[in-house]
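Take a look at the letters that make up each chain.
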Amino acid sequence: MKSLTIFGVICILVLSSCNSEPKPIEYGSEGCHFCSMTIVDKQHAAQFMTKKGRSYSFDASECMLNYLRDVEPETVAMYRVNNYTDPGVFVDATKATYLISENIPSPMGAFLTAFANEDEANRAQLSNSGTLYTWTELEEKFEKDNPF
């Protein structure tokens, strides 16, 4: 009976150490994993989490995309970006729509902004001009052009 109790405690500890959610960004005190700037902008921050549960936070989507050049995609569990129209709220980066517009500055000067859906991005494009991208298109742009 005693060994069964010890086994149960060990199982609980192991299961509780598995984290399926990225850690929250500590705005104003946490540094970007790419450029080391303090992350303060809740409209442009980004984050990814590895399958081992480690979170990497960035002050801008372009920093995350640059950092990801040296990361094996199969090691990543999730990519997240702040939704520009709902500051501080993360959305799945692979499903977001992106706008590069010189009328919407981002922390690193790439003018790259993420929106939760295409409708929000289209509305922002109407009033700010610029070019829309999907996650896949951005990945290709960063691989090919090294724009930032």
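Small disclaimer: the values here were computed from a predicted structure and weren't measured.

**Student:** Account for the layout of surface pockets, naming residues and giving values.
**Tutor:** In this structure, the largest pocket spans a volume of roughly 200 Å³. Along the walls of the largest pocket sit Leu65, Leu68, Arg69, Val71, Glu72, Pro73, Val76, Tyr79, Trp135, Glu139, Phe142 and Glu143, which together make up its complete lining. Within the residue set of the lining of the largest pocket, elements represented by two or more residues are β3 (76-82) and α4 (135-145). With four residues, the top contributor of residues to the lining of the largest pocket is α4. Of the residues belonging to the lining of the largest pocket, the class tally is eight nonpolar, no polar and four charged.

**Student:** Before we move on, can you summarise the sheet that holds strand β7 (residues 131-133) with the specific residues and values?
**Tutor:** One open sheet accounts for three strands, arranged β6-β5-β7; its pairing is antiparallel. With partners counted over all chains shown, the strands left at the sheet margins are β6 (112-115) and β7, one partner each. Across the sheet, the mean angle from the axis of one strand to that of its neighbour is 30°, orientation sign disregarded. Relative to β7, strand β5 (residues 97-100) runs antiparallel, the two being bridged by three bridges. Within β7, the residue paired with Ile100 across the bridge is Thr131.

**Student:** A description of the environment of Lys51 should follow, citing residues and the corresponding values.
**Tutor:** Along the chain, Lys51 falls in the loop between β1 (46-50) and β2 (55-58). Take Lys51: its relative accessible area is 58%, and that puts it in the exposed class. For the pair Lys51 and Met78, spaced 27 residues apart in sequence, the C-alpha separation works out to 8.1 Å. Among all residues touching Lys51, those that are not within four sequence positions of it are Glu74, Thr75, Val76 and Ala77. In this structure the side chain of Lys51 is engaged in a polar contact, spanning 2.8 Å, whose partner is the backbone oxygen of Glu74.

Reading guide: rules and limits
- Residues numbered from 1 in each chain as written.
- Predicted model: local features only at pLDDT ≥ 70, side-chain atom pairs only at ≥ 80, totals over all residues.
- Heavy atoms only, no water.
- 1 Å grid on protein atoms, 1.4 Å probe; cavity = no way out; pocket = protein on both sides within 12 Å on 5 of 7 lines; lining within 4 Å.
- Points joined across faces, edges and corners; volume = space filled by probe spheres on them.
- Helix = DSSP H or I, 4+ residues; strand = E, 2+ residues; numbered from the N terminus.
- Nonpolar A, V, L, I, M, F, W, Y, C, P; charged D, E, K, R; others polar.
- Pairing = 2+ DSSP bridges.
- Axes fitted to C-alpha atoms, helices over the stretch in contact; angles between N-to-C directions.
- Buried < 20%, exposed > 50% of the residue type's maximum accessible area, 1.4 Å probe, protein only.
- Contact = heavy atoms within 4.5 Å.
- Polar contact = N/O pair within 3.5 Å; in protein donor to acceptor, adjacent residues only side chain to side chain.

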